[in-house]
Every structure is written in C-alpha cells, then in structure tokens.
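In case you want the letters, here they are:
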Amino acid sequence: MDTWKVGIIPLPLFLLAGALIAIDCLGGKLPSDIVVMVATLAFFGFACGEFGKRLPIIGKLGAAAICATFIPSAMVYYGLLPDVVVESTTKFYKSTNILYLYICCIIVGSIMSMNRTTLIQGFLRIFFPMLCGEIVGMLVGMGVGLLLGLEPFQIFFFIILPIMAGGVGEGAIPLSIGYATILHMDQGVALGRVLPMVMLGGLTAIIISGCLNQLGKRFPHLTGEGQLMPNRDNTDEKTPATPAFSGKADVTTIASGALLAVLLYMLGMLGHKLIGLPAPVGMLFMAVLVKLVHGVSPKILEGSQVVYKFFQTSVTYPILFAVGVAITPWQELVHAFTLTNLLVIVSTVSALVATGFFVGKKIGMHPIDVAIVSCCQSGQGGTGDVAILTAGNRMSLMPFAQIATRIGGAINVSVSLLVLGNFLV
C-alpha cells in the first residue's frame, strides 16, 4: 500500500493522520502548535491538491493549486470544515508567518540553483516584457470596459489597478487606505470593492499559467522549463531549471542551506526597517549578490537546493490550504463574479500575459517562462505567486515572480495614487 499515495503521503499514513485529526476534533480541541498543524495542513492540503489533479481536463491546467486554495475557502464559508480546524489553522498561519519561511527558502534555493550568467541576463531583461505587458493589459482592459459601458474611472481604479497592485497586503490594503483618504470613502467599503478583483485576477492568472505549462509540453522549443534565458554559456556552473543535486548532501549541509535562507530574510527585514524596501525583495537582492560574488561554499549551495526541493514538493499544498482557510474570503469572490467584471479581468490578464510571451520571444528569452512570470503581475502577492508557479510547474521562477509582484505592484500603487491625488481629484 506504500505505493498508493495522496500527494506525497503514503495512504496508510494519510488515513492515520485523518483518524487522529478526527479524534481531536470530536474532543472539541485541535492544538495549533506546529506538531499537530504539520499533520493537519498536510492531510487537508494534499487531499485538496490530489482532488484537483484528478479532475478531467482542468486537472492539467492548474486545478490542483486552485482546489488547494479555494475549496478550503468555500468549506469555511459553508460551514463544512470543523470550527476547531478553522480556528487552529488561522491561529497557526497568522502567528507563525510560515508563508515567509516558505517563500524565503524557495527564493534563496532557486537563486542558488541558477546559472550565474543566466541569472544576470534574466534580471536585466525581465523588466521590459513586464512593462510592455502592463501597458498593453491596461489599454485592453480599458477598451473592453468602455465597450461594456463602464465608467473609465471605475474600470481603471477599481478593476485594472487592483489586479496589478501586487496582492492583498502590499496592494489591496494600501490602495484601500489611499482611496479612503483621497476619495473620502470608508476604508472597509474601498477594500470590499478592491479585494474581489485581486482574487479574480489571481484566479485567472493561475488558470492561464496551467494552460501555458501544457503549451510548453506540446511545443518544447518555446520553454526553458523554468529558465528565462537560453543557457549559451557552458563554462559556468551547469544548472538545470529544476535544482539538480547529488543527493549526497549531509544533514549539516542541508541545515546550513536552510539557515542561509533565514538569515538572508532577516537581512531583508533589516532593510525594510532602514529604507522601507519589502523584506522579500531585499532578501531577493541579497541572495542574488551572494550568488554573483560566490559568497557561500558549493556545499551550502547544494544544501540550499535540497531545502528548495523539500519545500517545493512537501510544503506547497499545505501552505495553500492554510491560505484558503485563513485569508481567502469566499463570499467576496462569489459577489464579484459578474459578467462585466469577468470580461474586463480576463481580457486584462490575457493581454498582459500574451504581451509578455511575444515580447520575451522577440528579445531572445523563453516565451512561456516569461509569460508565466507575467501571470504573477496579476497574482495575489506571495500566496498568488506560489499558486501560479505551482500551476505552471515553474517554482524555480520565484525570484522573478517576486520582482513582478512586489516591485511592479508597489510602483503601480504609488504612481496611481499620486496621479489620483494630484490630478484627478
């Protein structure tokens, strides 16, 4: 029976976990400590992910990531998930900040796995397709909205901008605060109008990312399977799209790789206190610098790659389940499901991604991988990046996804609020 698995969990262990969780729930208390939560999140996360993978047709288009996030959200709303599970999961997610541990291990591990020359070229070139995608996406979204009879102000500031704002914490909330101050409206009302657009934009991006992954399988010459740039330089360390490690890394090497990720994130937090740069972005730049100057030994690099692989395969679906339970409001998503909103959102995201695809191809990058990074421009921040890259099977693109989400979103929000406050009101 060990060959039968739910996600990565052998069936006997999966059934045992379910039984133990049920016993705790029947007892009226599910501890929110990390020991119990590891089993709980793994049980529900991999169950939802496995369900999504096995759906006909859409199972290959990113349904696993969608199901792992939105099934729990719906279960919470309709009361299908025991209250003790909801309370413990929410408490654990919000008190531990586990998403940032996940993101820092994924970012540092994927950067340490990259070819140095490809890394430099990728960072220098990715900004142009991102910029072109945003401009075209905004123009197409405005055009579709106007054809549907919506007001230009409503289209841009309450549909298009939230999609490209960089998620909830870094995008929707600052936008709602800005709108409350500039437009003299209640922040709760502003957030209620903005948040569903962020979620629907992210959902559209997940689906498109899954479709791009299938397109890459059909036309392999269009993708680098997680690399933005064709690797023409074979003199540098040879690193494939997914980290290749010898499997001989000892426990202390792996622990050093994990500690490297944590310490770089702490440096990012210090940077946030000093200059206001978001901690994940500061960490990203630090990791790139360490890689470029050969700042750590090859053994620690290998340890980082093992940690990256562990988090990618073992932690993604449990994290998405926690996100769905703790911070994804199902009713907001459902209320925004109007035909006009959907048409504007889908056309905006599709135009943004298609532009990234063709511009990337034109400047000598792998078009499908550039397009998947472009999807992250309309994702739900760090959680959206995880879901989008999981659907596209390109987790090694996380550093570029963070640039698209964090830096792109921050620029969009800042410039738009500046324009709104000084010229339009």
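For the structure, check the block above.
Residues numbered from 1 in each chain as written. Predicted model: local features only at pLDDT ≥ 70, side-chain atom pairs only at ≥ 80, totals over all residues. Heavy atoms only, no water.

Our next topic: the environment of Q377. Position of Q377 among the secondary structure elements: in the loop between α17 (367–375) and α18 (381–391). Placed 211 residues apart in sequence, Q377 and G166 show a C-alpha to C-alpha distance of 6.8 Å. Sequence-distant contacts of Q377, defined by excluding residues within four places in its chain, comprise M130, E134, I163, M164, L352 and A404. Within polar-contact distance, the side chain of Q377 engages the backbone oxygen of M130 at 3.2 Å. (Helix = DSSP H or I, 4+ residues; strand = E, 2+ residues; numbered from the N terminus. Contact = heavy atoms within 4.5 Å. Polar contact = N/O pair within 3.5 Å; in protein donor to acceptor, adjacent residues only side chain to side chain.)

This part is about the nonpolar core. In this structure, Y102, Y179 and L228 are the most contacted members of the largest nonpolar core, which totals 130 residues. It is helix α10 (residues 187–218) that provides the largest number of residues to this core, a total of twelve residues. When near neighbours in sequence (up to four residues on either side) are disregarded, Y179 contacts F157, F158, L161, H184, M185, A190, V194, L417 and L420. (Core = buried A, V, L, I, M, F, W, Y, C linked by side-chain atoms within 4.5 Å. Buried < 20%, exposed > 50% of the residue type's maximum accessible area, 1.4 Å probe, protein only.)

If you trace the backbone, T40 turns up in helix α2 (residues 34–53). Those residues in contact with T40, other than ones at most four positions away along the chain, are I21, L30 and V85. A polar contact of 2.9 Å, which involves the side chain of T40, links it to the backbone oxygen of V36.

What follows deals with the packing of α2 against helix α4 (residues 83–96). Relative orientation of the contacting elements α2 and α4 amounts to 115°, with a least axis distance of 11 Å. Classed by the angle they form, the pair α2 and α4 counts as roughly perpendicular. Relative to α4, α2 is oriented so that their crossing is left-handed. Facing I34, M37, T40, L41 and F44 of α2, the residues of α4 in contact are V85, S88, T89 and F92. Residues belonging to the contact of α2 with α4 are distributed by class as follows: six nonpolar, three polar and no charged. (Axes fitted to C-alpha atoms, helices over the stretch in contact; angles between N-to-C directions. Parallel < 35°, antiparallel > 145°, perpendicular 65-115°, else oblique. Left-handed = near helix turned anticlockwise from the far one by under 90°. Nonpolar A, V, L, I, M, F, W, Y, C, P; charged D, E, K, R; others polar.)

With that settled, consider the pattern of salt bridges. Taken as a whole and assessed by the stated rule, the structure comprises four salt bridges. Among the ionic pairs, D369 bridges to R394, the shortest N-O distance being 3.0 Å. Residue D369 is located in helix α17, and its partner R394 is located in the loop between α18 and α19 (398–424); the two are separated by 25 residues in the primary sequence. By relative accessible area, R394 is classed as buried at 1%. (Salt bridge = Lys/Arg side-chain N within 4 Å of Asp/Glu carboxyl O.)

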